[in-house]
Amino acid sequence: MLTQTTTRVLEPSDLGAALAVLESEPVANAFVTSRVQVAGLDPWRLGGEMWGWYADGRLRSLCYSGANLVPICATPEAVRAFADRARRAGRRCSSIVGPAEPTAQLWRLLEPGWGPARDVRAHQPLMVTDRPSPDVAPDPYVRRIRKDEMDVIMPACVAMFTEEVGISPMAGDGGLLYQARVAELVGAGRSFARIEDGKVVFKAEIGAATPQACQIQGVWVAPEYRGRGLSETGMAAVLRYALADVAPVVSLYVNDYNLPARAAYRRVGFQEVGAFMSVLF
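Enquirer: Help me out: how do you make sense of the sheet that holds strand β10 (residues 214-221) in this one?
Expert: The pairing of strands in a sheet comes from backbone hydrogen bonds and takes either a parallel or an antiparallel form. Strand order across the open sheet formed by twelve strands is β1-β2-β3-β4-β5-β12-β6-β11-β10-β9-β8-β7, with mixed pairing between neighbours. Looking along the sheet, the strands with just one partner apiece sit at the ends: β1 (5-9) and β7 (143-144). Sitting on the sheet, helix α4 (residues 76-89) touches β1, β2 (49-55), β3 (58-65) and β4 (68-72), and the angle it makes with β2 is about 140°. Of the strands in this sheet, β6 (119-129), β7, β8 (191-196), β9 (199-209), β10 and β11 (250-253) are in contact with helix α8 (residues 230-245), which crosses β9 at around 35°.

Here you go:
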């Protein structure tokens, strides 16, 4: 018996079914889930379309198509359907990112028309913890950034983004969207830093948050302070805030070649449980 499948853009009335798919993998899907829980499925509020793949009338897989293209709980058949839709629409995203296996399949199908990519990070370990390590004391000087400290945190955010992604977030629109995102996290109380003499020496954000899980991002230590253990004690402090105030499970993903960071996160209490992949344009 043949399975009947179809793919379409989801509408606001599909919210319940979409959340059921998203919440089936709360850690891997934390970023998209957090946006959908706030904005729903209206493309203007969400910042992109949510594509749904149906098998026998049931929503099984999703793909977020906005600034990022993100396959979600995507079966191989769903990935092929999403790739067909993406090819027809043309590339509008600045990256493809998601769990490594479906993202790799999606990129294989899209690369002939969308390639070459500026960078492909095929294996980015996904790390998770639900408790802090007793071996690393939290840095007592790491705290939430106040709304009146945007001018202090922004240079560090720009430096982190440029170092990590390879381009400045201030290009294109002059950084308006990036500044708005930083301000959003500061306003939500999810931006943290250690500041000495008016300068950020360590920073990190809780970039995505749902009742089930949250994701730390943007971890950065000022170059002249590296090698002093600030990433470990700083992360321990952010982890303490995250577990106490945000969600019972905390995750992050890291480039596989960043061995010092992976070791530091393990010392803080994180364990590798899977992998993400990122394709940057």
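Enquirer: Would you mind going over the pattern of salt bridges with me for this structure?
Expert: When the charged atoms of two side chains with opposite charge come close together, those side chains can pair. A full pass over the atoms with the stated rule returns 19 salt bridges. Between R121 and D119 there is a salt bridge, with the nearest N and O atoms lying 2.9 Å from each other. What makes R121 buried here is its relative accessible area of 11%. In this structure, the salt-bridge partner of E232 is R267, at a minimum N-O distance of 2.5 Å. With E232 in helix α8 and R267 in helix α9 (residues 259-268), this pair connects stretches of sequence that are 35 residues apart. R267 sits in the partly exposed class, given a relative accessible area of 43%.

Enquirer: Looking at this structure, how should I read helix α1 (residues 15-22)?
Expert: Counting along an α-helix, one turn takes 3.6 residues, and residues three or four places apart therefore face a common direction. Residues A18, L19, V21 and L22 constitute the buried set of α1. Looking straight down α1, one finds that the buried residues subtend no more than 155° of arc, so they occupy a single side. In α1, those exposed residues whose orientation departs by more than 90 degrees from the buried face are G16 and A20. On its buried face, α1 is in contact with α2 (30-39), β3 and β4.

Enquirer: It is not clear to me how unusual backbone geometry should be interpreted in this structure. Could you clarify?
Expert: With the exception of glycine, the majority of residues adopt a negative phi angle, and the majority of peptide bonds are in the trans configuration. Residue G115 is joined to P116 through a cis peptide bond whose omega torsion reads -5°. Examined against the element boundaries, P116 turns out to sit in the loop between α5 (100-114) and β6. For D56, which is not glycine, the phi torsion reads 50° and is therefore positive. Of note, D56 is situated in the loop between β2 and β3. Even without being glycine, D197 reaches a positive phi, approximately 50°. By the element assignment, D197 lies in the loop between β8 and β9.

Enquirer: Is there a simple way to think about the nonpolar core in this case?
Expert: Buried together is how nonpolar side chains tend to be arranged in soluble globular proteins. Counting residues in each nonpolar core, the largest one holds 42 residues, and the members touching the most others are I153, I216, M235, V238, Y265 and F270. Contributions of two or more residues to this core are made by α6 (150-165), α7 (176-187), β8, β9, β10, α8, β11 and α9. In terms of residue count, the dominant contributor to this core is α8 (eight residues). In this structure I216 touches A204, E205, I206, M235, V238, V250, S251, L252 and F270, once residues within four positions along its chain are discounted.

Enquirer: Would you mind showing me how to read the packing of aromatic side chains here?
Expert: Working definition: an aromatic ring pair is given by the centre-to-centre distance plus the angle between the planes. Going through the model one piece at a time under the given rule, you end up with seven aromatic pairs. Measuring from ring centre to ring centre gives 5.6 Å for W107 and F281, while their planes differ by 65°; the resulting arrangement is edge-to-face. With W107 in helix α5 and F281 in the segment after β12 (271-280), the pair connects residues that are 174 residues apart, well separated along the chain. Using a relative accessible area of 6% as the deciding quantity, one classes W107 as buried. Looking at F281, the relative accessible area reads 15%, which means it is buried. With 4.7 Å between their ring centres and 20° between their planes, Y253 and F276 make a pair best called stacked. Residue Y253 is found in strand β11, and its partner F276 is found in strand β12; the two are separated by 23 residues along the sequence.

About the thresholds
Residues numbered from 1 in each chain as written. Predicted model: local features only at pLDDT ≥ 70, side-chain atom pairs only at ≥ 80, totals over all residues. Heavy atoms only, no water. Pairing = 2+ DSSP bridges. Helix = DSSP H or I, 4+ residues; strand = E, 2+ residues; numbered from the N terminus. Contact = heavy atoms within 4.5 Å. Axes fitted to C-alpha atoms, helices over the stretch in contact; angles between N-to-C directions. Salt bridge = Lys/Arg side-chain N within 4 Å of Asp/Glu carboxyl O. Buried < 20%, exposed > 50% of the residue type's maximum accessible area, 1.4 Å probe, protein only. Arc of directions from axis to C-beta. Core = buried A, V, L, I, M, F, W, Y, C linked by side-chain atoms within 4.5 Å. Phe/Tyr/Trp six-rings, centres within 6.5 Å; stacked < 30°, edge-to-face > 60°.

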